[in-house]
Amino acid sequence: MKSKIFRIQNIHDIIRLGWLLFFRDFQYRYRLSYFGYIWAFIRPVAIALPIIFVGKKFNFGQNNEPGVSYEAFAFLGVIFFQIFFDSVTYPQMLIRRVRSILKKIAFPYISIILASSFYVLFNLSVYIILLVITLFIFNISIHFSTVLSFLCLPLLIIAGLSIGIFISPITLLYLDIRYSLSIISGILLWTTPVVYALPKEGFLRSVNVWNPLTYLINTPRFWIIGGIDTGAWFFALSIIFFSLLFLGGLKYYFRAMPIVIEKIL
Amino acid sequence: MIEFNNVSKIYYSDIEKARKRAFIDTFWQSNFIVQSEKNIYALLDISFSLKEKESLIVLGPPKSGKTTIAKLICGLAQPSIGEVNIRGSTRLVNSARIGATPFMTIKNYLSLLSMLYGAKNKSLPYICKNILEICDLESYADVRIAEFPNELLKKLIYYTSIYIDSDIYIFDESFKNDNSEFGQMCNARIDEIIKTSTVVILSSKEINIPANNISKMMILNEGCLLHFGNYESVLPLYHKLNLLPQPFRSDEEKKEFKQSKVNKKTRHKDELIDLSSFETNYKTMMQNRLNSPNLIIAGPYMADTGMEIIYWIPYLRWLIENYHLDRNNFIALSRCGAEIWYRELGLRYIDICDLLSEQEFIEMHNKRISKGKIKQFSISDEEKRLLSIVLEKLAIKDYNLIHPSFLFELLSVFWMNTSPIEFINNFVNVKPTELFVKNLSGMPDNYIAVNFSFCPCFPDTLKNRQFMKELLSELSKQFKIVSLNSGIQVDGHIESNFDPLNNIISIKDLRIVTYRNILELQTNVISNASLFVGIHSGISYLAPLLGIKTINFYSDKNSGTYARNFSFFETNLSNFSKNSFLLMDISRYQLDNIIYEIRRALESHTSMNHN
């Protein structure tokens, strides 16, 4: 049962289409709100502040090396986690936003992923501003490793997209994944050492050690402000793991899209 | 290039099951189809191919699978069984508001739509500017969608969908062929598309499109492909849709039909007919039918007036002469005062308008026109009812029926374009007509009779309307004109309504015209005219047969079966009436030339009368 459609598409055209799809939705979302683009700044700060307050109270950073500011430690962790999780959620959000177009026009589906990437990049630009402000407020000096950690940000995006593009076609059939994302977000946040230092022992440590996201957050954060070094090797292994997942996700995405588009309600 | 290989499309009527199946298929696609009585077979074993730059028209009633074919070509659906191969980009043409949000400006939306349709990034500004210019919406470029009129937006979307280049265009009930200014703009672009790209037009009713623009035709019914082949050979078969199998009651019946010889035979093959054996069989059939002393009833004729004049009456004449039939034992059944035409054949005549009340006749007539069943390829229920009224009235039990479908069967073969004109001439006898007509009171001396109606060879377009208006205006200044406009539609041709002009009398102004006498009145007006000017269709065929000098016009000779009818008529007319008939393509002549020809014809008529 095959439908072979042979098309040659210019990469520039696909990127431009992705941009237009992003801008269409971006404009619509923020125009409908009173505070508009300010929400992009409000969101991560509003998520981080209560956690930092509680974390400081209960000394979540006790396992860190002395001299590491907990507030900066936790805020950086939240930022990195948010970059990752935005990349998980935006593809499925955008694919649902363009489903009326999918039912009527067959266009390159990769442009939807590109559009969600543009969303993530917009948020990333906000996060980078917040990161720089954090470095400034807490007098964190800039080293070569700081630059390295900023270069890891696209890897966080790819890691998030590897899951995001996998789940996005399924959300056209069933909304369960979409509804469960907030639950998954909570589980991931607390099973990854985002706002706490890696425990020295215990069950939570085992969970953290086997969680590939641990290394994607800890290592770049260590390169900026110090803390616990979980090792560059494990970081590299995580990158390879998520890269393979990304390639697999892409393959599944291209396979699944023509099938699920027919069933869009 | 489009290729369908044994394609079937099955929809599960249970949405939950369908989604579950789709979810599993995203991981592991199997050929397994869940059998259920409730499965909907949208398409069943369809195979066809279309080469590059060929065009295909797909006709079929609603729910025959046309939209499914469109979706399969565009990649918006996947076949359940079989394979679909498409080479090139596809475009489903429509005017739906795809992807528009209230805050987008027209320019931004146009950019998005153009990119969705596959426009190149480099040429995007140029494309958007062009489309806005052509649609005369440049000043609205920065207006938001929320503030933009919906109708204008639909037009913009439609034009964008046909403007951006694509290899394959699919028109799923969206083929525009109207005569508005926007429609004509789209027509120009669509004509270009038909010449340069592959086009698939899907419709549930016939479309007015020049035959030479369409390569292939397909007829679908209930998901099954019934006919596929060259347009000219398949089009007449479309009119036999009421002869198609009844809707399937079960999947077994559908399977049987799939395996039936009819389906396999008609796949990919044009119908080729051995003309000489067809002629022999047909004549033998008629011989057997007419070889009895029973009363013969010819009719009821309710199809095109033009066909009645150039084919049906000559066909009856041929039957009488060829089979030596007793005219006293022959009844012709027609309508609207056509008795005057049958008088010369010496037949008894019954008018349908005498069998029904005017209201009943109008209802029956309008129903036939609205269903597009003007040509009588088979006997309908209304016709059976009329026959039973005639039989009851005349107290007849045994009779032989010569139904117009016998003629249309011959014409189908003739219209297929594989048979020469001599073929149809073997079954008809076209002769000049001498009718005993009375002079109508209130008619001026030396008038020109005019008849302008819209039909496929002279469609209702802005250009044609302009031509008609200018011609009549000029004629009315110089000559006395009597128009055959009656306000009554006898067949599928639509009378052109024009503003009242000086020196033009319309027969409807005489206030004596009814459904019962319209054809008789029009015949009277033509036969007493000095000259006849009109569209080469319908009652206009009568004038040259009556020996009246005639100048007829057309704008599209190749529409439908007109090309063949024109050739047939001109060939036969040249046998007995050399100088009395002139046929003009309006696109080739200036108005002054036309007026000059009319004046010349009138002068020669006047000088003949003096002599």
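Residues numbered from 1 in each chain as written. Chains lettered and ligands numbered in written order. Predicted model: local features only at pLDDT ≥ 70, side-chain atom pairs only at ≥ 80, totals over all residues. Heavy atoms only, no water.

A. Spotlight on the overall build of chain A. Counting its secondary structure elements, chain A contains 11 helices and 1 strand. Secondary structure elements in chain A, listed N-terminal to C-terminal, are β-α-α-α-α-α-α-α-α-α-α-α. Looking at the 265 residues of chain A, the share that counts as buried comes to 53%. Long-range pairs, those at least 24 residues apart, make up 78% of the contacts in chain A with a sequence separation of at least 6. (Helix = DSSP H or I, 4+ residues; strand = E, 2+ residues; numbered from the N terminus. Buried < 20%, exposed > 50% of the residue type's maximum accessible area, 1.4 Å probe, protein only. Contact = heavy atoms within 4.5 Å.)

B. Main features of the overall build of chain B. The helix and strand tally for chain B stands at 22 helices and 21 strands. Burial analysis of chain B (611 residues in total) assigns 57% to the buried set. Within chain B, residue pairs in contact and separated by at least 24 positions form 75% of the contacts whose partners lie at least 6 positions apart. Total accessible area on chain B is roughly 27100 Å²; 48% of this is exposed by carbon and sulfur atoms. (Areas by Shrake-Rupley, 256 points an atom, 1.4 Å probe, with all protein chains shown as cover.)

C. Region of interest: the side chain of B:Asn552. All names here are of chain B. By the secondary structure assignment, Asn-552 is in strand E20 (residues 550–554). Separated by 2.9 Å, the side chains of Asn-552 and His-536 make a polar contact. The residues touching Asn-552, leaving out its near neighbours within four places in the chain, are Phe-532, Gly-534, Ile-535, His-536, Ser-540, Phe-581, Leu-582, Leu-583 and Met-584. (Polar contact = N/O pair within 3.5 Å; in protein donor to acceptor, adjacent residues only side chain to side chain.)

D. Up close: the sheet that holds strand E19 (residues 531–535) of chain B. Residues and elements named next belong to chain B. Pairing in this open sheet of 6 strands is parallel, and the strands run E18-E16-E14-E19-E20-E21 from one edge to the other. Looking along the sheet, the strands with just one partner apiece sit at the ends: strand E18 (504–506) and strand E21 (581–585). Pairwise comparison of adjacent strand axes, ignoring direction, gives a mean angle of 20° for this sheet. Here 4 bridges tie E19 to E20, and the two strands are oriented parallel to one another. (Pairing = 2+ DSSP bridges. Axes fitted to C-alpha atoms, helices over the stretch in contact; angles between N-to-C directions.)

E. Geometry of the packing of aromatic side chains. Residue and element names in this part refer to chain B. Under the criterion given, the structure shown has 48 aromatic pairs over all chains. Judged by centre distance (5.4 Å) and plane angle (55°), the ring pair of Phe-377 and Phe-408 falls under tilted. Taken as a pair, Phe-377 in the loop between helix H14 (358–371) and helix H15 (381–394) and Phe-408 in helix H16 (residues 404–415) lie far apart in primary sequence, 31 residues in all. For the pair Phe-377 and Phe-408, a shared accessibility class is recorded, and that class is buried. Ring geometry for Tyr-554 and Phe-566: centres 5.2 Å apart, planes at 70°, overall edge-to-face. Of the two residues, Tyr-554 sits in strand E20 while Phe-566 sits in helix H21 (residues 562–576), which places them 12 residues apart along the sequence. (Phe/Tyr/Trp six-rings, centres within 6.5 Å; stacked < 30°, edge-to-face > 60°.)

F. A look at a nonpolar patch on the surface. Residue and element names in this part refer to chain A. A contiguous nonpolar patch, built from Phe-41, Ile-129, Ile-133, Phe-136, Ile-137 and Phe-138 and spanning about 590 Å² of accessible area, is present on the exposed surface. When residues in the nonpolar patch are grouped by element, the largest group, 4 residues, is from helix H5 (residues 110–137). Topologically, Phe-41 is positioned in helix H2 (residues 39–57). (Patch = residues over 30% accessible without salt bridge, like charges linked within 9 Å, V, L, I, M, F, W, Y side chains within 5 Å. Salt bridge = Lys/Arg side-chain N within 4 Å of Asp/Glu carboxyl O.)

G. Up close: the interface of chain A and chain B. Contacts between the two partners involve 41 residues from chain A and, on the opposite side, 54 residues from chain B. In this assembly, chain A packs against chain B so that about 4300 Å² is buried in total across both faces, 61% of it on carbon and sulfur atoms. Across the salt bridge formed by A:Glu262 and B:Lys9, the nearest N and O atoms sit 2.6 Å from each other. Taken together, chain A and chain B are joined by 10 residue pairs in polar contact (both at pLDDT 80 or more). Per-element accounting of the side of chain A that touches chain B gives the leading share, 11 residues, to helix H1 (residues 11–31) of chain A. Counted by class, the side of chain A that touches chain B contains 26 nonpolar, 3 polar and 12 charged residues. (Buried area = accessible area lost by both parts, 1.4 Å probe. Nonpolar A, V, L, I, M, F, W, Y, C, P; charged D, E, K, R; others polar.)

H. Expanded view of the confidence of the model for chain A. The pLDDT averaged across chain A works out to 86; a share of 94% of its residues lies at or above 70. Between the elements of chain A, mean pLDDT differs from a low of 47, seen in strand E1 (residues 2–6) of chain A, to a high of 93, seen in helix H7 (residues 153–171) of chain A. (pLDDT = per-residue confidence, 0-100.)

I. Fine view of the nonpolar core. Among the nonpolar cores identified, the biggest contains 137 residues, and A:Leu102, A:Met257 and B:Phe171 are the most heavily contacted of them. Here this core gets 18 residues from one element, more than from any other, and that element is helix H3 (residues 70–97) of chain A. With residues up to four places along the chain from it excluded, the contact list for A:Met257 reads A:Ile95, A:Leu102, A:Tyr109, A:Ile112, A:Pro169 and A:Leu172. (Core = buried A, V, L, I, M, F, W, Y, C linked by side-chain atoms within 4.5 Å.)

J. Representation of the packing of helix H11 (residues 305–322) of chain B against H16(B). All names here are of chain B. The interhelical angle for the contact between H11 and H16, taken along N-to-C directions, is 115°, at an axis separation of 10 Å. It follows from the interaxial angle that H11 and H16 lie roughly perpendicular. For H11 against H16, the interelement crossing comes out right-handed. Contact residues: H11 offers Met-307, Tyr-311, Trp-312 and Tyr-315, while H16 offers Pro-404, Phe-406, Leu-407, Leu-410, Leu-411, Phe-414 and Trp-415. By residue class, the composition of the contact of H11 with H16 is 11 nonpolar, no polar and no charged. (Parallel < 35°, antiparallel > 145°, perpendicular 65-115°, else oblique. Left-handed = near helix turned anticlockwise from the far one by under 90°.)

K. Spotlight on the sheet that holds strand E13 (residues 399–402) of chain B. All names here are of chain B. Strand order in the open sheet formed by 4 strands is E12-E11-E10-E13, with parallel pairing between adjacent strands. Looking at the sheet topology across the chains shown, the edges are occupied by strand E12 (348–351) and E13. Neighbour to neighbour, the strand axes of the sheet diverge by 25° on average, direction disregarded. With 3 bridges connecting them, strand E10 (residues 295–298) and strand E11 (residues 330–334) associate as parallel partners. Bridged to Ile-296 within E11 is Phe-330.

L. Quick look at the pattern of salt bridges. All names here are of chain B. Summed over the entire model, instances satisfying the criterion amount to 22 salt bridges over all chains. Among the salt bridges present, the one from Glu-16 reaches Arg-19, with a minimum N-O distance of 3.3 Å. On the criterion of helical spacing, the pair formed by Glu-16 and Arg-19 is a turn pair, its members being 3 residues apart in helix H1 (residues 15–27). Take Glu-16: its relative accessible area is 47%, and that puts it in the partly exposed class. Here Arg-19 falls in the buried class, since its relative accessible area comes to 15%.

M. Representation of the state of the cysteines within the structure. Applying the stated criterion to the full structure yields 0 disulfides over all chains. No disulfide involves B:Cys186; its sulfur sits 7.5 Å from that of B:Cys135, the nearest cysteine. (Disulfide = S-S within 2.5 Å.)

N. Highlighting the environment of B:Ile352. Residue and element names in this part refer to chain B. As for its position among the elements, Ile-352 is in helix H13 (residues 352–355). Considered as a pair, Ile-352 and Ser-334 are 18 residues apart in the sequence and their alpha carbons are 6.0 Å apart. Apart from the residues lying within four places of it in its own chain, the contact partners of Ile-352 are Pro-300, Tyr-301, Met-302, Leu-333, Ser-334, Arg-335, Phe-361, Met-364 and Leu-386.

O. Highlighting the confidence of the model for chain B. Residue and element names in this part refer to chain B. Mean pLDDT over chain B stands at 82; residues scoring 70 or higher make up 86%. Note that pLDDT drops below 50 for residues 242–249; the model gives that stretch 14 contacts with residues more than four away or on any other chain. Residue range residues 260–271 is modelled with pLDDT below 50. Its contacts to residues more than four positions away, or to other chains, number 22 contacts. We note a pTM of 0.59 for the whole complex and an ipTM of 0.86 for its interfaces.

P. Main features of helix H10 (residues 212–225) of chain A. Residue and element names in this part refer to chain A. With 14 residues, H10 extends 21 Å from end C-alpha to end C-alpha; this agrees with the ideal 20 Å at 1.5 Å per step. Most of H10 sits inside the fold, with 11 of its 14 residues counted as buried. Those residues of H10 lying buried are Leu-213, Thr-214, Tyr-215, Leu-216, Ile-217, Asn-218, Thr-219, Pro-220, Arg-221, Ile-224 and Ile-225. Residue Asn-211 occupies the N-cap position of H10, its side-chain oxygen lying 3.0 Å from the main-chain nitrogen of Leu-213. (Expected span 1.5 Å × (residues − 1).)

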